Amino acid sequence: MSRITVIVDGVSYTDEVEPRTLLVHYLRETVGKTGTVVGCDTSNCGACTVHLDGTSVKSCNVLAVQADGHEVTTIEGLAQNGELHPVQKAFHECHALQCGYCTPGMIMQACDVLKNNPDPSEQEIREGLEGNLCRCTGYHNIVKAVQQAAGELSSQAVSS
Amino acid sequence: MIPAQFDYIAPSSVEEAIRALAEHGDDAKVLAGGQSLLPILRMRLNAPGVVIDLGRIGELQGITEEGDTLVIGAMTTYAAVLASEAVGTHAALLSKAIQTVADPQIRHRGTIGGALVHADPAGDVGAPALALGAEFVIAGPGGSSRTVAGDDFFEDLFTTAVGEGELLTHIRVPKHTGWGAHYEKFVRVSHQWSIVGIAATVRSEGGSIAEARVGLTNMGSTPLRAKAVEEALVGKPATDEAVRAAVASVAEGTNPPSDLNGDSDYRKHLATVLTRRAVLAAAGA
Ligand SMILES: Cc1cc2nc3c(=O)[nH]c(=O)nc-3n(C[C@H](O)[C@H](O)[C@H](O)COP(=O)(O)OP(=O)(O)OC[C@H]3O[C@@H](n4cnc5c(N)ncnc54)[C@H](O)[C@@H]3O)c2cc1C
Ligand code: FES
Ligand code: FES
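The name an unreviewed UniProt entry assigns to chain B is Carbon-monoxide dehydrogenase medium subunit, from the organism Humibacillus xanthopallidus.

The name given to chain A in an unreviewed UniProt entry is Carbon-monoxide dehydrogenase small subunit, and the organism recorded there is Humibacillus xanthopallidus. UniProt, in the comment section headed Pathway (unreviewed entry), describes chain A in these words: "Alkaloid degradation; nicotine degradation."

See the structure below:
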């Protein structure tokens, strides 16, 4: 067993884990962040996407021990004081989900896209979400939601 | 699925990592970005007793310039290579190829050294590294270090000159400042491995090709360099007709695989079409 300390959604956790524990299983089963889901066995689907030190990773393809001393943000850490994050709000308003299974990863990756490029073109959004698969929506409303969130985030930045 | 049990070691220097490798022999496996190794462990295609994580070794990360050479640490992530102005300016071919690798999440974790040592013939980093004439710096026991040329680095499917007990520490890439570059990757759906990929970089002079370098992905058990085509391109105008003729023989002597994505002859045909496109794009035509 290895002892790790990880900050998850702003709270520090210290736990004993088996080195083979995947970060996604640590988050779900030890920390209880079941908002982050597993959608595949091949690291293709992106449903498990979280931020590790502020950049997106597929948490099924990272060991929990590799996150020792680092900071993780999951979908559960995005809303602040009961207010949905602008990307969450835009997914809701634009009907960017049907079954919702891909949504936690999709939103975390959309946040990463917008962090690096606050005003992405449709093509840049589609390429930024290349590693996130959705079996329901056809992606159309997902792209719209990211565009709407980009607008909202940039007007927030202007007004603050 | 979850991997079989293993012990985990996270050394903080190359020396410490080499000692750990010596101690555990073939029971140990090196972990870089994990983007190939973790899927392999999860599918239980391999079950090492010890995993040695290079992620905490600072000296393996980053990009520096030494005169006419770019020195890239093995643990430099794809994302860091893409963000590097020096690579964009002096080895644009590497950036162009890495842009096509996997997806942003995987590019945040995957490393250039991991990709090269993994040596998947369908991987996109070997061909541009070969085309640019990269050299590979390998550390071994007792502080030893040797440098291997590209042609000697890739030995076979998933096999390189990095032996048991050794680590790839850096690659040294000769600067190709001012050369145009293009990576033409043929896939049928987005987010796929190369069916065939062509890495081309060209130095142009007054509308003609003064020098060219061409690397081939997935045209054999290792990445290949098309030296005959490189020579045939010298002095040619960057026109469709001239380039088409110069690259016509690019598949000669190659032995590409046949699989669900296409048979060997199909890949040979693809290679000639894609090489023409890649060279023309690299020449800015
Ligand atoms: C969904 C998905 C899609 C992908 N698509 C593509 C694609 O389109 N094109 C492409 O090229 N690749 C693709 N990849 C593979 C990706 O590029 C991997 O990141 C890369 O092949 C391995 O780099 P790594 O740092 O993650 O290495 P790891 O997975 O950690 O290691 C790979 C191997 O190299 C060894 N190793 C690593 N570093 C060293 C070192 N410094 N010295 C000695 N041995 C070392 C390890 O022991 C292991 O055997 C994809 C992967 C996934 C999961
Ligand atoms: S569960 Fe991680 S990519 Fe599918
Ligand atoms: S909403 Fe069902 S998978 Fe995307």
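Next comes the rest of the account.
Another aspect to go through is unusual backbone geometry. Residues and elements named next belong to chain A. Of note in the backbone geometry, Asp53 takes a positive phi value of approximately 50° without being a glycine. Examined against the element boundaries, Asp53 turns out to sit in the loop between β3 (49-52) and β4 (55-58). Even without glycine at this site, His95 takes up a positive phi of about 55°. Positionally, His95 belongs in the loop between α2 (86-93) and α3 (103-116). The exposure class assigned to His95 is exposed, which follows from its relative accessible area of 60%.

Further remarks concern the site of ligand 1. Contacts to ligand 1 come from 30 residues, most closely from Val30, Gln35, Leu37, Tyr78 and Thr111 of chain B. More than one chain reaches ligand 1: its neighbouring residues belong to chains A and B. Here Gly34 of chain B contributes a backbone N or O atom positioned 2.7 Å from an oxygen atom of ligand 1. Bound to the protein, ligand 1 loses 95% of the 980 Å² it would expose on its own. At four residues, the largest contribution of residues to the shell around ligand 1 is made by helix α7 (residues 112-118) of chain B. When grouped by side-chain class, the residues that make up the shell around ligand 1 number 15 nonpolar, twelve polar and three charged.

About the cut-offs
- Residues numbered from 1 in each chain as written.
- Chains lettered and ligands numbered in written order.
- Predicted model: local features only at pLDDT ≥ 70, side-chain atom pairs only at ≥ 80, totals over all residues.
- Heavy atoms only, no water.
- UniProt positions renumbered as here; feature names shortened; annotations may be inferred.
- Helix = DSSP H or I, 4+ residues; strand = E, 2+ residues; numbered from the N terminus.
- Buried < 20%, exposed > 50% of the residue type's maximum accessible area, 1.4 Å probe, protein only.
- Near = heavy atom within 4 Å.
- Polar contact = N/O pair within 3.5 Å; in protein donor to acceptor, adjacent residues only side chain to side chain.
- Areas by Shrake-Rupley, 256 points an atom, 1.4 Å probe, with all protein chains shown as cover.
- Nonpolar A, V, L, I, M, F, W, Y, C, P; charged D, E, K, R; others polar.

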